[in-house]
Amino acid sequence: MPKIKETTLEIDLKALRHNFEYLKSRMSPKTKFLGVVKAFAYGSDSVLVAKKLETLGADYLAVAYAQEGIVLREAGIRLPILVLHALPVSFNEIIDRCLEPNIYSFHTLKEFIKTASEKGQKEYPIHLKFNTGLNRLGFNTSDIEIVAALLSETTSVKVKSVFSHMAASEDPSEKPFTLKQIDRYKTIVGQMERLLGYAFIKHMCNTSGILNYPEAHFDMVRSGIGLYGFGNSEKENKNFKPIGRLKSIISQIHHLDVGESLGYNMAFVAKEPIKTATIPIGHADGIGRQYGKGKGFVVINHKPAPILGNVCMDMIMVNITNIDCSEGDEVVVFDAHYTAEEFALTAQTISYEIITAISQRVKRVVLE
Ligand SMILES: *Cc1c(COP(=O)(O)O)cnc(C)c1O
């Protein structure tokens, strides 16, 4: 492995392949797989991940916003791309770049039909989202008949899928709620199919849904976090391999005497003589200010080095008093062993937030 010389996110495509194959092993071979590559493929590299998913045999991709889909199209990705949070301002570009919008409200439905017909489209593929309890985006059950009526008046668009999203698929204590969502979803797609008179793709599960609710896989599943190596439970985490390893180096070592302070606002004061290392990674790189003051650690020569004082924009300082190390040595923020999930837990957050926060300034290196 090449020596790390600056803050680097290594992206392990073998791990991505493992996660994809593991998820597929939990599905029927008939079920389609949609890979969620929004937010730079959860903080990694969306083009790289999308290309790999395309060669691995994914059926669909999804992004949050149109701009993310345009980047994939410009990189030559050919798979259909669902735009999960399609905003009317992007409807023209969505059509120009062959992206497929999630239509979740009467406003977006009317606007999209208008744009599609103005652009002379016939049966442009759209995806209808129904709210079954998350109350975030989606039509309500009571909207079904009006939605179907609006669709029957146009040939500019055609429903390619009807989907919903689970609110707590990772939480066993909320199983009754999830089962109610699944029931509502079944009623919705039954009615929609009857009213539209044609079949469409049905999908509802995110990663934890895939793992915990096989009865709700329907025609397709949508996985994000699983692809990136997290199963949202201690048991399932063992079956996945984190694809990202965030590493850095020691820029400088300092020796502090008793009473000396460290960093901005004297947030740390040495009570005994200590040795500290300055690491070139800060809140502008994705290590939030909820870390520091002893919360969170990096790993140097297999030993934990707690983050001291306040996290700076471009740096953190860590305690290396009991670690044999030198300037230039490698620092692990998280990898396959010290995972982003554990790093997240020390700050009461989740792996999703930690990995998607790794800023674009951090160098990406691909491990094939
Ligand atoms: C982000 C997202 C997903 C992926 O969820 P994971 O928990 O990361 O698998 C699936 N569906 C929708 C609608 C999403 O917004």
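Residues numbered from 1 in each chain as written. Predicted model: local features only at pLDDT ≥ 70, side-chain atom pairs only at ≥ 80, totals over all residues. Heavy atoms only, no water.

Participant: Whenever I open this one, the sheet that holds strand β11 (residues 252-256) confuses me. Can you help?
Facilitator: Adjacent strands of a sheet pair through backbone hydrogen bonds, lying either parallel or antiparallel. Reading across from one edge, β11-β14-β17-β16-β15-β18-β10-β1-β19 is the order of the nine strands in this open sheet, with mixed pairing throughout. Each having just a single partner strand, β11 and β19 (363-367) make up the two edges of the open sheet. For this sheet, the mean angle separating the axes of adjacent strands, direction not counted, is 35°. Bridge count for strand β1 (residues 8-12) against strand β10 (residues 244-249) is four bridges, and the pairing is antiparallel. Across the sheet, residue L9 finds its bridge partner in β10, namely L246. (Pairing = 2+ DSSP bridges. Helix = DSSP H or I, 4+ residues; strand = E, 2+ residues; numbered from the N terminus. Axes fitted to C-alpha atoms, helices over the stretch in contact; angles between N-to-C directions.)

Participant: Explanation requested: the layout of surface pockets in the structure shown.
Facilitator: Gaps left between atoms are located by rolling a probe of water-molecule size over the structure's atoms. What the largest pocket holds in volume is close to 830 Å³. Forming the boundary of the largest pocket are 35 residues, of which K38, Y42, R136, H165 and Y352 lie nearest the centre. Taken together, the elements giving at least two residues each to the lining of the largest pocket come down to α2 (38-43), α9 (207-212), α12 (340-345) and α13 (351-356). In the lining of the largest pocket, the residues fall into 17 nonpolar, eleven polar and seven charged. Both domains that meet at the lining of the largest pocket, namely domain 1 (31-228) and domain 2 (244-367), each give it at least three residues. (1 Å grid on protein atoms, 1.4 Å probe; cavity = no way out; pocket = protein on both sides within 12 Å on 5 of 7 lines; lining within 4 Å. Points joined across faces, edges and corners; volume = space filled by probe spheres on them. Nonpolar A, V, L, I, M, F, W, Y, C, P; charged D, E, K, R; others polar. Domains from an automatic or database assignment.)

Participant: Which parts of the structure should I look at to understand empty space enclosed by the protein?
Facilitator: Across all of its chains, the model carries one cavity of 30 Å³ or more by this definition. One number sums up the size of the largest cavity: a volume of about 100 Å³. In terms of lining, the largest cavity is formed by 14 residues, of which the most central are Y42, S44, I243, G244 and I355. Among the elements of the structure, β1 and α2 are those that each provide at least two residues to the lining of the largest cavity. Top element by residues in the lining of the largest cavity is α2. It accounts for three residues. Considered class by class, the residues forming the lining of the largest cavity number eleven nonpolar, three polar and no charged. Each of domain 1 (31-228) and domain 2 (244-367) accounts for three or more of the residues forming the lining of the largest cavity.

Participant: Could you clarify how one ought to interpret a nonpolar patch on the surface in this entry?
Facilitator: A cluster of nonpolar side chains, contributed by Y65, L87 and V89, occupies part of the molecular surface with about 310 Å² of accessible area. Relative to the helices and strands, V89 is located in the loop between β4 (81-83) and α5 (91-96). On the accessibility criterion, V89 (77% relative accessible area) is exposed. (Patch = residues over 30% accessible without salt bridge, like charges linked within 9 Å, V, L, I, M, F, W, Y side chains within 5 Å. Areas by Shrake-Rupley, 256 points an atom, 1.4 Å probe, with all protein chains shown as cover. Salt bridge = Lys/Arg side-chain N within 4 Å of Asp/Glu carboxyl O. Buried < 20%, exposed > 50% of the residue type's maximum accessible area, 1.4 Å probe, protein only.)

Participant: What should I look at first to understand the site of the ligand in this one?
Facilitator: The ligand sits among 14 residues. The nearest are K38, Y42, T207, I225 and Y352. The side chain of T207 places a nitrogen or oxygen atom 2.5 Å from an oxygen atom of the ligand. Here the ligand has 390 Å² of accessible area as a free molecule, and 94% of this is covered by the chains. Mapped onto the shell around the ligand, the elements with two or more residues apiece are α2 and β9 (220-223). (Near = heavy atom within 4 Å. Polar contact = N/O pair within 3.5 Å; in protein donor to acceptor, adjacent residues only side chain to side chain.)

Participant: Looking at this structure, how should I read the packing of helix α7 (residues 144-152) against helix α8 (residues 175-196)?
Facilitator: A pair of packed helices is captured by two measures, namely the crossing angle of their axes and the spacing between those axes. Contact geometry of α7 with α8 gives a least axis separation of 10 Å together with a crossing angle of 30°. Taken together, the axes of α7 and α8 are roughly parallel relative to one another. You can see that α7 and α8 cross each other, and the crossing is right-handed. Contacts from I144, E145, V147, A148 and L151 in α7 reach I188, Q191, M192, L195 and L196 in α8. Across the contact of α7 with α8, the residue classes tally to eight nonpolar, one polar and one charged. (Parallel < 35°, antiparallel > 145°, perpendicular 65-115°, else oblique. Left-handed = near helix turned anticlockwise from the far one by under 90°. Contact = heavy atoms within 4.5 Å.)

Participant: Help me out: how do you make sense of the nonpolar core in this one?
Facilitator: The nonpolar side chains of a soluble globular protein tend to be buried with one another. F112, L128, L151, M192, I300 and V318 are the most contacted members of the largest nonpolar core, which has 110 residues in total. Summarising the domain contributions, this core has at least three residues from each of domain 1 (31-228) and domain 2 (244-367). When near neighbours in sequence (up to four residues on either side) are disregarded, V318 contacts K275, T276, A277, I279, V298, I300, A305, P306, I307 and L308. With eight residues, the next largest nonpolar core counts F268, A270, I274 and M317 among its residues. (Core = buried A, V, L, I, M, F, W, Y, C linked by side-chain atoms within 4.5 Å.)

Participant: Can you help me understand α7 in this one?
Facilitator: An α-helical turn contains 3.6 residues, so a residue and the one three or four places further along point in the same direction. For α7, the set of buried residues is I144, V147, A148, L150 and L151. Each buried residue of α7 lies within a common arc of 160° when the element is viewed along its axis, so the set occupies one face. For α7, the exposed residues set more than 90 degrees away from the buried face come down to E145 and S152. Lining the buried residues of α7 we find α6 (106-118), β6 (124-129), β7 (157-163) and α8. (Arc of directions from axis to C-beta.)

Participant: In this structure, what is going on with the packing of helix α1 (residues 13-25) against helix α3 (residues 46-56)? I would like to understand it.
Facilitator: Two elements in contact, α1 and α3, have axes separated by 11 Å at closest approach and are oriented at 50°. Relative to α3, the element α1 is oriented oblique. Handedness of the α1/α3 crossing: right-handed. Across the interface between the two elements, L13, L16, R17 and F20 from α1 touch L48, V49, K52, L53 and L56 from α3. Looking at the contact of α1 with α3 residue by residue, the class counts come to seven nonpolar, no polar and two charged.

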